[in-house]
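Reading the structure
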Amino acid sequence: MSRRVEADILARLEAENSEELNTPPFKEAKEKISALRSELRSSSRIRHIVGDPSFDLDLRDWGKIMKGVVDEGHTYLSAPWLTAEFYVYRRVVEAFDYFNPSSPTYRFDPFLKQKLAGLESSVGSAEALLSKMSSLASGRDAASVGLRVAVLSALWGNKMDLSIWPASSGDAGADVFSAVFDAAADSLLRDDTDRVAALLAARAGKARVHIVVDNAGFELVTDLALADYLVTSGLAESVTFQLKAHPTFVSDAMASDLMSTVRHLGSLPPSTHPSCRECAARWSDHLAGGRWRCEEDLYWAQPRAMWDMPEGLRAGLREGSDLCIVKGDANYRRLLGDRGWDYVKDSFEDVVGSYFPCPV
């Protein structure tokens, strides 16, 4: 906490937002970030999140989350890691009075510059990937080969080796993509893509898919490419993106990040980034036509286990989702309640499938 979070993440936050933080409207935010850094350096005892319940709508949740931590006098080093990590980012939100509509720092995202820099630096990778994926939906074996390529791309992101992709993927079957699949299969504990394909095929084009998004930047581009493939290929009727309701974990994506990603790719020069522009135009149509939807929830920025999902969110997934794709290490931890499990003896279906409201 004192090294990575305080000396790296929060120090960079201050440096990148120094222009704003050194103005009168940001005076209080600057003081609170400085105080938070001091707490982390000394591993102080953790306190409750403070705010106004009329607009800080997650105060009650955070009170329950932190009750044991605060009552037992835990510090940043003795508290459960996952809880402490989420808590620090909620303290950043508190420092900027993010939810207060009368605050001069209302809705200010202190990580926006880092997210935009990540997006801008990845447009070359985005163009390379999207140019390869643009013809997948029209190829043969769409429900198996195309889906596998799209899923693996979203899983591995910029670690996908594009050099071994076939020159033309439009008519490429499993035989042509075998090298891609073999390379991407390294380090996978399990690959259930065939079961996902069967599940979607059984819905005959009416499947409703939810994606619990993790990071902005290039990873979000790969998520959008997967969602594009799902609806363009006819495997899914709609895709709903589940996003954070406030800035957290530096690069985690909110709805505004998704929209800015689509706009940015659409603004790139057609001479150098034609696939980015083509995809951005199609993605804008998905959003305007309701095939894509963005939903934010405060729960996604909390450390609570996923079996402790709010009933409204649980009911929405149970009644409105045929498949939920969950991205990211923190979300994986939350699926398991940040507990260890014997992945040899206990199947993932038994551990997570027993409580999750839809196929995951």
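Refer to the preceding data block for the structure.
Here's a quick rundown of the structure. (Residues numbered from 1 in each chain as written. Predicted model: local features only at pLDDT ≥ 70, side-chain atom pairs only at ≥ 80, totals over all residues. Heavy atoms only, no water.)

Looking only at helices and strands, one finds 16 helices and four strands in the chain. Over its C-alpha atoms the chain spans a radius of gyration of 21 Å, differing by no more than 12% from the 21 Å that the globule rule assigns to 360 residues. In terms of its C-alpha atoms, the chain occupies a principal-axis envelope of roughly 60 × 50 × 35 Å. Per-residue burial over the chain gives 51% buried out of 360 residues. Surface exposure of the chain reaches about 16100 Å², of which carbon and sulfur atoms provide 52%. Taking the average location of the 41 positive side-chain charges in the chain and that of its 52 negative ones, the two points are 3 Å from each other. (Helix = DSSP H or I, 4+ residues; strand = E, 2+ residues; numbered from the N terminus. Rg over C-alpha atoms; globule rule 2.2 N^0.38 Å. Buried < 20%, exposed > 50% of the residue type's maximum accessible area, 1.4 Å probe, protein only. Areas by Shrake-Rupley, 256 points an atom, 1.4 Å probe, with all protein chains shown as cover. Lys, Arg positive; Asp, Glu negative; His and termini not counted. Charge placed at Lys NZ, Arg CZ, Asp CG, Glu CD.)

This part is about the nonpolar core. Formed by 46 residues in total, the largest nonpolar core has its most connected members in Leu230, Val239, Phe241, Leu265, Trp283 and Trp292. Broken down by secondary-structure element, the contributors of at least two residues to this core are helix 7 (123-133), helix 8 (142-156), helix 10 (193-202), strand 1 (207-212), helix 11 (218-232), strand 2 (236-244), helix 12 (255-266) and helix 13 (274-289). Here this core gets 10 residues from one element, more than from any other, and that element is helix 11. The residues contacting Leu230, other than those within four sequence positions of it, are Leu147, Leu200, Val209, Leu235, Ala236 and Val239. (Core = buried A, V, L, I, M, F, W, Y, C linked by side-chain atoms within 4.5 Å. Contact = heavy atoms within 4.5 Å.)

Structurally, Ile46 is set in the loop between helix 3 (27-42) and helix 4 (59-71). With a relative accessible area of 5%, Ile46 lands in the buried category. The residues contacting Ile46, other than those within four sequence positions of it, are Met66, Val69, Val70, His74, Thr75, Tyr76, Ala79 and Tyr87.

How two helices sit against one another is set out by the angle between their axes and by the gap between those axes. Look at helix 7 against helix 11: their axes get within 10 Å of each other, and the N-to-C directions meet at 15 degrees. Here helix 7 is positioned roughly parallel relative to helix 11, judged by the angle of their axes. Crossing geometry of helix 7 relative to helix 11 is assigned as right-handed. Two secondary-structure elements touch here, helix 7 through Ser125, Ala126, Leu129, Leu130 and Met133 and helix 11 through Phe218, Val221, Thr222 and Ala225. For the contact of helix 7 with helix 11, the class distribution of residues is seven nonpolar, two polar and no charged. (Axes fitted to C-alpha atoms, helices over the stretch in contact; angles between N-to-C directions. Parallel < 35°, antiparallel > 145°, perpendicular 65-115°, else oblique. Left-handed = near helix turned anticlockwise from the far one by under 90°. Nonpolar A, V, L, I, M, F, W, Y, C, P; charged D, E, K, R; others polar.)

The final tally for this structure, using the stated rule, is 34 salt bridges. A salt bridge links Glu20 to Lys113; its shortest N-O distance comes to 3.1 Å. In this pair, Glu20 sits in helix 2 (residues 18-21) while Lys113 sits in helix 6 (residues 112-121), placing the two residues 93 residues apart along the sequence. By relative accessible area, which is 35% here, Lys113 ends up partly exposed. Residues joined in a network through salt bridges with shared partners are Glu6, Glu14, Arg37 and Arg41. (Salt bridge = Lys/Arg side-chain N within 4 Å of Asp/Glu carboxyl O.)

Taken together, Leu189, Tyr332, Tyr343 and Val344 make up a surface patch of nonpolar side chains, about 490 Å² in accessible area. You can see Val344 is positioned in the loop between helix 15 (329-335) and helix 16 (348-351). A relative accessible area of 70% means that Val344 is categorised as exposed. (Patch = residues over 30% accessible without salt bridge, like charges linked within 9 Å, V, L, I, M, F, W, Y side chains within 5 Å.)

Everything listed is a geometric property; what it means functionally is a separate question.
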